[in-house]
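The residues making up each chain are set out below.
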Amino acid sequence: MSDNQNKELLSGDWTEKTVTSKPIFAGKVISLQVDTVALPNGKEAAREIVRHPGAAAVIALVDGKLLVVEQYRKPLERFQIEIPAGKLDPNEDPMTAAARELEEETGYRAENLVLYNAFATSPGFADEVIYIYFTDQAVPGEQRLDEDEFLHVSAITMEQADAYIAEGRICDAKTLIAVLAWKLYAATGKLLS
């Protein structure tokens with residue numbers, strides 16, 4: 001393709017139009033489909049797409065420490081330390097899900113939740129969006145774990161968070177974002193600069 005053709009293409013419509021969509025798998029949490037798409041240059045390509053209902057997570061501070069859960073993550077074959085989170089139920093408001101997951105997993109309720117941000121986890125192949133909420137007003141509630149959920153709850157300091165990141169015990173995007181947001185909040189009193 002010449003430079004002029006490329007510039008012309010880049011100044012136009014870059015969207016990929018779906019030609020066909022083939023369902024491959026439908027599970028409890030995700031589904032997988034393979035779409036054939038028409039590319040901007042007129043050719044076709046296959047796109048493997050994971051559909052996910054989305055999730056909500058909470059940056060919850062208690063006495064200046066971050067509430068986290070440690071649980072075994074089968075895809076990684078190891079224990080991970082993460083902020084509390086869970087998938088959205090059909091048509092569920094993300095803030096409702098965040099409050100539910102915080103109490104179910106940690107035993108703390110959120111007196112006030114503020115949306116920090118939302119991000120796409122892997123937009124190259126999945127449509128999952130995680131909504132991250134913040135509270136520094138968590139109070140004791142009642143932990144209610146799912147029957148297939150086994151985890152340990154703790155409140156960690158920034159120094160512990162840094163050590164867990166260095167050790168790879170914290171390595172998921174939502175928790176890395178949470179630690180950075182927490183540090184900004186501690187330094188400035190604001191969630192976003």
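Notes on the structure follow. As a convention, each chain's residues are numbered from 1 in the sequence order in which they are written. Local features in this predicted model are restricted to residues whose pLDDT is 70 or higher, and side-chain atom pairs enter the listing and the counts only when it is 80 or higher, whereas totals over whole chains, interfaces and linings include all residues. Only hydrogens and water are set aside; all other atoms, that is, all heavy atoms of the structure, feed into the side-chain values.

On to the overall build of the protein. Looking only at helices and strands, the protein features four helices and 12 strands. By its C-alpha atoms, the protein is 60 × 40 × 30 Å across when sized along the principal axes. Per-residue burial for the protein yields a buried fraction of 34% across its 193 residues. The contacts of the protein with a sequence gap of at least 6 include a subset with a gap of at least 24, amounting to 55%. Method for areas: the Shrake-Rupley scheme with a 1.4 Å probe, in which residue coverage is limited to the protein chains shown. When the accessible surface of the protein is summed, it comes to about 11400 Å², and 53% of that surface belongs to carbon and sulfur atoms. Only four residue types enter the tally: Lys and Arg on the positive side, Asp and Glu on the negative side; His and the chain ends are excluded. Just so you know, the charge point we use is NZ for Lys, CZ for Arg, CG for Asp and CD for Glu. Distance from the positive charge centre (19 side chains) to the negative charge centre (31 side chains) of the protein: 4 Å. Comment: elements are numbered from the N terminus, with helices defined as DSSP H or I runs of at least four residues and strands as E runs of at least two. Three labels apply to residues, based on accessible area from a 1.4 Å probe with only protein chains included: buried if under 20% of the type maximum, exposed if over 50%, partly exposed otherwise in between. Pairs of residues are marked as contacts when any of their non-hydrogen atoms sit within 4.5 Å.

Another point: the sheet that holds strand E2 (residues 31–38). Taken together, the three strands give an open sheet; going across it, the order is E1-E2-E3, and neighbouring strands pair in antiparallel fashion. Taken across any chain shown, the strands that pair with only one partner, and hence form the sheet edges, are strand E1 (17–26) and strand E3 (44–51). Direction aside, the axes of adjacent strands within the sheet are offset by 20° on average. Strands are treated as partners if at least two bridges between them are detected by DSSP. In this sheet, E2 lies alongside E1 in antiparallel orientation, the contact comprising eight bridges. Directly across from phenylalanine 25, in E2, lies its bridge partner leucine 32. Fitting a line to C-alpha atoms yields each axis, with helices limited to the stretch in contact; the angle taken between N-to-C directions then spans 0 to 180 degrees.

What follows concerns the environment of glutamate 142. With respect to the secondary-structure elements, glutamate 142 resides in the loop between strand E11 (138–140) and strand E12 (151–156). For the pair glutamate 142 and arginine 100, spaced 42 residues apart in the sequence, the C-alpha separation amounts to 11 Å.

Time to look at the pattern of salt bridges. Between Lys or Arg on one side and Asp or Glu on the other, a salt bridge is scored when a side-chain nitrogen of the former is within 4 Å of a carboxyl oxygen of the latter. The tally for this structure, following the rule as stated, stands at 15 salt bridges. Glutamate 103 is paired through a salt bridge with arginine 144; the nearest N and O atoms lie 3.6 Å apart. Of the two residues, glutamate 103 sits in helix H2 (residues 94–106) while arginine 144 sits in the loop between E11 and E12, which places them 41 residues apart along the sequence. Under the relative-accessibility criterion, glutamate 103 is labelled buried at 15%. Accessibility expressed as a relative area gives 37% for arginine 144, which makes it partly exposed. A salt bridge links lysine 174 to aspartate 172; the shortest N-O distance between them is 2.8 Å.

Attention shifts here to the environment of phenylalanine 150. Turning to its location among the elements, phenylalanine 150 is positioned in the loop between E11 and E12. Residue phenylalanine 150 is classed as exposed on the basis of its relative accessible area, which comes to 65%. Along the chain, phenylalanine 150 and alanine 120 lie 30 residues apart, while their C-alpha atoms are 26 Å from each other. Beyond its immediate stretch of four places on either side in the chain, phenylalanine 150 contacts Glu70 and Gln71.

Counting buried residues along strand E10 (residues 129–135), five of its seven residues qualify, which places the element largely inside the surrounding structure. In this structure, strand E4 (residues 55–62) lies alongside E10, joined through six bridges in parallel fashion. Directly across from valine 58, in E10, lies its bridge partner tyrosine 133. Across six bridges, strand E9 (residues 114–120) lies against E10 in antiparallel orientation. By the bridge assignment, alanine 118 is partnered in E10 with tyrosine 131.

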